[in-house]
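# Overview (structure and organization)
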Amino acid sequence: TLSAFAYGTVAQVAAYVRHLTKNGTFDGATSPTAAQVELFLEQRSALLNGCLAEAGYTTPIGLSYTQARTVLSYYAVQGAAADCELTQRSSGTEDDKDNPRYKVFLKEFEKGCPFIVSGAFAALGAPAAAGSPAIAGLWVGGRTRGGQRLRPRFGRTSFENDPTRHSPTAEPDYTEE
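What you see is a predicted model, and the numbers here were worked out from it, not measured in a lab.

The next subject is helix H2 (residues 34–54). Every α-helix carries 3.6 residues per turn, so stepping three or four residues along brings you back to the same face. Look at H2: 30 Å from first C-alpha to last across 21 residues, which is about the 30 Å you get at 1.5 Å a residue. For H2, the set of buried residues is Val 37, Phe 40, Leu 41, Arg 44, Ser 45, Leu 48, Asn 49, Cys 51 and Leu 52. Taken from the residues just after H2, Gly 56 is the one with a positive phi, measuring 95 degrees.

Listed below in structure tokens is the structure:
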């Protein structure tokens, strides 16, 4: 059985790779087996959960967030379908003319993390962790090894721009922190 951290179902994977199933289902005699497909879903879900955590969302996304879970299930199932295709003898070969299907599934799975960080995922109501960039607003730049935000390289006076030209207040000094 799949853990609470997993997205998607074995039946959803079977819908994409029916030719690898026995009458539309995976079992202990199919290649891959049902247990292997569950493992593929767990692994792909773990990768998506890593992207979610990095983007500032809580993991796993709960069942009450139906739209967000539907999207995550889609991506996890695409990744698991690619893994199923890779279990076949013709997959992963140099030419790979016999089975390009795994590339199609893998390409779809790889769209998951960019979608999560794009802002579109937040619009689906996914819960963000406290103090995360997902709810703290837009910020640009990176972080130091110690976790501090990097200072901007350019200021308001860069490129011959004088912000005090229209107002008498001086530019703030960021050297005192």
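Now for the pattern of salt bridges. Where charged atoms of side chains with opposite charge meet at close range, the side chains can pair. If you walk through the whole model with that rule in mind, you get four salt bridges. The shortest N-O distance in the salt bridge between Arg 101 and Glu 85 comes to 2.8 Å. Within this pair, whereas Arg 101 is found in helix H4 (residues 101–109), its partner Glu 85 is found in helix H3 (residues 66–86), the two being separated by 16 residues in sequence. A relative accessible area of 33% means that Arg 101 is categorised as partly exposed. Note that Glu 108 is salt-bridged to Lys 111, the shortest N-O span being 2.8 Å. Since its relative accessible area comes to 40%, Lys 111 is described here as partly exposed.

A few words on the packing of aromatic side chains. A ring pair, where both rings are aromatic, is described by two values, the distance of the centres and the angle of the planes. If you walk through the whole model with that rule in mind, you get five aromatic pairs. Where Tyr 16 meets Phe 105, the ring centres are 5.8 Å apart and the plane angle is 80 degrees; that geometry is what we call edge-to-face. Within this pair, whereas Tyr 16 is found in helix H1 (residues 10–16), its partner Phe 105 is found in helix H4, the two being separated by 89 residues in sequence. By relative accessible area, which is 36% here, Tyr 16 ends up partly exposed. On the basis of relative accessible area, Phe 105 is assigned to the buried category, the value being 7%. Taking 6.3 Å as the distance between ring centres and 80 degrees as the angle between the ring planes, the aromatic pair formed by Phe 115 and Phe 121 counts as edge-to-face. Its relative accessible area of 0% is what places Phe 121 among the buried residues. These aromatic residues form a ring-pair network of at least three members: Tyr 57, Tyr 74, Tyr 75, Phe 115 and Phe 121. When the ring centre of Phe 109 is taken as origin, the NZ or CZ atom of Arg 44, which lies over that ring, is 4.5 Å away.

Rules used throughout
Residues numbered from 1 in each chain as written. Predicted model: local features only at pLDDT ≥ 70, side-chain atom pairs only at ≥ 80, totals over all residues. Heavy atoms only, no water. Helix = DSSP H or I, 4+ residues; strand = E, 2+ residues; numbered from the N terminus. Expected span 1.5 Å × (residues − 1). Buried < 20%, exposed > 50% of the residue type's maximum accessible area, 1.4 Å probe, protein only. Salt bridge = Lys/Arg side-chain N within 4 Å of Asp/Glu carboxyl O. Phe/Tyr/Trp six-rings, centres within 6.5 Å; stacked < 30°, edge-to-face > 60°. Lys NZ or Arg CZ within 6 Å of the ring centre and 35° of its normal.

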